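Observations on the model geometry
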Amino acid sequence: MPLLVMKFGGTSVGDLDRIANAAAKVKREVERGYDVIVIVSAMSGKTNELVGWVEKTSPLYDAREYDAVVSSGENITAGLMALRLQEMDVPARSWQGWQVPINTTSAHGSARFLSIPRANIDQKFAEGMKVAVVAGFQGLSPEGRITTLGRGGSDTTAVAFAAAFEAERCDIYTDVDGIYTTDPRVSSKARKLDKIAFEEMLELASLGAKVLQTRSVELAMRYNVRLRVLSSFEDTDETSGTLVCAEEEIMESKAVSGIAFSREEAKITLFTIEDRPGIATAIFGPLAEAGVNVDMIVQNISEKDYDEHHTGAVTDMTFSCPINQVARAEKALEDARAAGKIRYDELIIDTDVAKVSVVGIGMRSHAGVAAKMFNALAAENINIKVITTSEIKISVLIDRKYMELAVQALHDAFGLDKA
Ligand code: ADP
Ligand code: ASP
Ligand code: MG
């Protein structure tokens with residue numbers, strides 16, 4: 001029997017009517033002859049509420065109990081979805097992660113899959129069950145504790161099941177009708193793409209496009225899962241939405257395919273550090289040990305300093321990291337200074353920044369993308385604070401208040417509204 005994985009995100013199961021609407025889509029696929037594995041998220045807002053309850057109860061919470069609480073939203077929707085399908089005469093049952101079992105590492109809050117044994121679910125399909133409804137986002141650690149996969153993790157559950165059960169396709173049903181050139185909530189000119197390459201989606205997701213969790217794209221790429229994003233609120237067929245696929249399947253060769261942004265960035269500058277071999281490791285070593293994910297880095301040109309504190313050349317170092325890691329970063333640097341491992345005159349934290357990135361596999365063969373990007377931002381008087389590049393992306397850090405303007409300007413400059 002051919003098998004499909006269908007994943008419904010939070011808005012798509014946000015109330016009982018929406019669960020019924022999603023169940024009707026599942027039933028249609030069963031009538032077309034598919035066995036279906038449905039992966040559900042928690043109802044929209046539920047996970048945030050659960051996270052809030054944990055933080056209020058215990059600010060420095062035990063991550064194992066965080067996962068026990070935060071994973072529970074998905075249990076509710078899995079059960080409700082199975083019940084709704086049964087009401088529609090579709091043989092269905094629900095599975096929590098531990099029942100499958102979805103085996104993961106014990107990295108609570110960001111666990112990774114170890115294995116998904118098929119036997120239990122396969123046996124039920126063999127007995128006539130048509131739909132297995134599986135709670136997304138959760139798993140079971142080797143110690144027998146409940147784990148979660150990180151925010152947005154139900155996408156990754158869906159792709160992992162598609163790989164494990166060799167599904168014909170993994171359909172991600174959400175509140176937009178596909179993947180756009182940029183977030184359609186930020187730019188009304190955003191254009192829906194028919195196809196996007198794995199590498200491009202991987203960059204967009206890791207640079208802030210929340211439409212797919214980054215690890216879901218990684219897994220789809222590794223196991224060659226046909227991954228599609230489409231609307232749960234519209235009538236859909238095999239041609240709907242956006243297919244995430246291998247580069248070879250794509251004809252378009254624009255330099256830039258999409259624009260991503262992230263408001264969750266902060267910029268930290270250390271003024272007047274010594275300019276000597278080993279200074280970068282003296283700064284970034286303690287940050288890494290403290291679990292700070294440093295992203296962009298710039299070091300100023302060295303200058304001679306003649307004051308009484310410094311004998312050699314000095315410089316400044318700037319880096320960016322996720323905004324919720326600023327306190328940890330500050331402490332790690334202050335501790336390193338107190339221990340005499342680094343010296344700096346001043347540490348300045350700027351949390352009013354945003355990262356805007358242009359992404360495209362076409363960049364490998366098109367020259368002048370960076371110049372065009374900087375030109376478009378200059379024309380809007382937007383100052384660039386930090387720049388990073390890779391083979392298929394260019395990111396800039398700018399004042400957060402200009403983020404939307406920058407996205408619009410870049411969308412226009414690269415002609416993304418036109419096919
Ligand atoms: P779900 O709850 O279904 O998992 P998410 O909120 O996680 O949905 O992801 C869908 C959202 O992703 C959309 O509502 C949209 O605002 C946002 N988004 C960001 N970038 C893009 C993009 N390039 N294309 C489509 N949607 C995007
Ligand atoms: N409910 C989880 C979250 O909000 C997982 C998901 O929706 O993918 O992050
Ligand atoms: Mg999501």
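Everything here concerns the structure above.
This text gives an overview of the structure that appears in the document. Treat the numbers as computed from the prediction; the structure is a model and nothing was measured.

**With respect to the site of ligand 2**
Around ligand 2, the structure places Ser41, Ala42, Thr47, Glu74, Phe137, Arg151, Gly152, Gly153 and Ser154. Between ligand 2 and the protein, one listed contact pairs a nitrogen atom with a side-chain N or O atom of glutamate 74 at 2.7 Å. Between ligand 2 and serine 154, the relevant distance is 3.0 Å, taken from an oxygen atom to a main-chain nitrogen or oxygen of the residue. In the complex, 85% of the free accessible area of ligand 2, which totals 260 Å², lies under the protein chains.

**Here's the deal with the packing of aromatic side chains**
The tally for this structure, following the rule as stated, stands at 4 aromatic pairs. Seen in terms of ring centroids, phenylalanine 161 and phenylalanine 165 are 5.8 Å apart; in terms of plane orientation they differ by 5°. Their pairing is stacked. In this structure, phenylalanine 161 and phenylalanine 165 share a single accessibility class: buried. For the pair phenylalanine 284 and phenylalanine 319, a centre-to-centre distance of 5.6 Å together with 80° between the ring planes defines the contact as edge-to-face. Highlighted residues: phenylalanine 284 in helix α9 (residues 279–289) and phenylalanine 319 in strand β16 (residues 313–322), separated in sequence by 35 residues.

**Regarding helix α6 (residues 154–164)**
Buried residues dominate α6, accounting for 9 of its 11 residues. Residue glutamate 166 follows α6 closely and has a positive phi angle near 50°.

**Points about the sheet that holds strand β10 (residues 195–197)**
Across the sheet, which stays open at both edges, the 8 strands sit in the order β3-β6-β2-β1-β9-β11-β12-β10 with mixed pairing between neighbours. With one partner strand each, in any of the chains shown, β3 (92–95) and β10 form the two edges of the open sheet. Neighbour to neighbour, the strand axes of the sheet diverge by 20° on average, direction disregarded. Looking at chain direction, β10 and strand β12 (residues 242–245) are connected through 3 bridges and run parallel. Note on β12: the bridge partner recorded for alanine 197 is cysteine 245. Sheet strands in contact with helix α7 (residues 198–206) are β10 and β12, and its direction is about 80° off that of β10.

**Notes on the site of ligand 1**
Around ligand 1, the structure places 16 residues, and the nearest of them are Thr174, Asp175, Tyr180, Asp183 and Arg185. Here an oxygen atom of ligand 1 and a side-chain polar atom of lysine 7 are 3.1 Å apart. Lysine 210 places a polar main-chain atom, nitrogen or oxygen, 3.4 Å from an oxygen atom of ligand 1. Considering ligand 1 on its own, with 570 Å² of exposed area, one finds that the protein chains cover 83% of that surface. A class-by-class count of the residues in the shell around ligand 1 yields 6 nonpolar, 5 polar and 5 charged.

Parameters and conventions
Residues numbered from 1 in each chain as written. Chains lettered and ligands numbered in written order. Predicted model: local features only at pLDDT ≥ 70, side-chain atom pairs only at ≥ 80, totals over all residues. Heavy atoms only, no water. Near = heavy atom within 4 Å. Polar contact = N/O pair within 3.5 Å; in protein donor to acceptor, adjacent residues only side chain to side chain. Areas by Shrake-Rupley, 256 points an atom, 1.4 Å probe, with all protein chains shown as cover. Phe/Tyr/Trp six-rings, centres within 6.5 Å; stacked < 30°, edge-to-face > 60°. Buried < 20%, exposed > 50% of the residue type's maximum accessible area, 1.4 Å probe, protein only. Helix = DSSP H or I, 4+ residues; strand = E, 2+ residues; numbered from the N terminus. Pairing = 2+ DSSP bridges. Axes fitted to C-alpha atoms, helices over the stretch in contact; angles between N-to-C directions. Contact = heavy atoms within 4.5 Å. Nonpolar A, V, L, I, M, F, W, Y, C, P; charged D, E, K, R; others polar.

Scope: geometric values only; no functional claims are made or implied.
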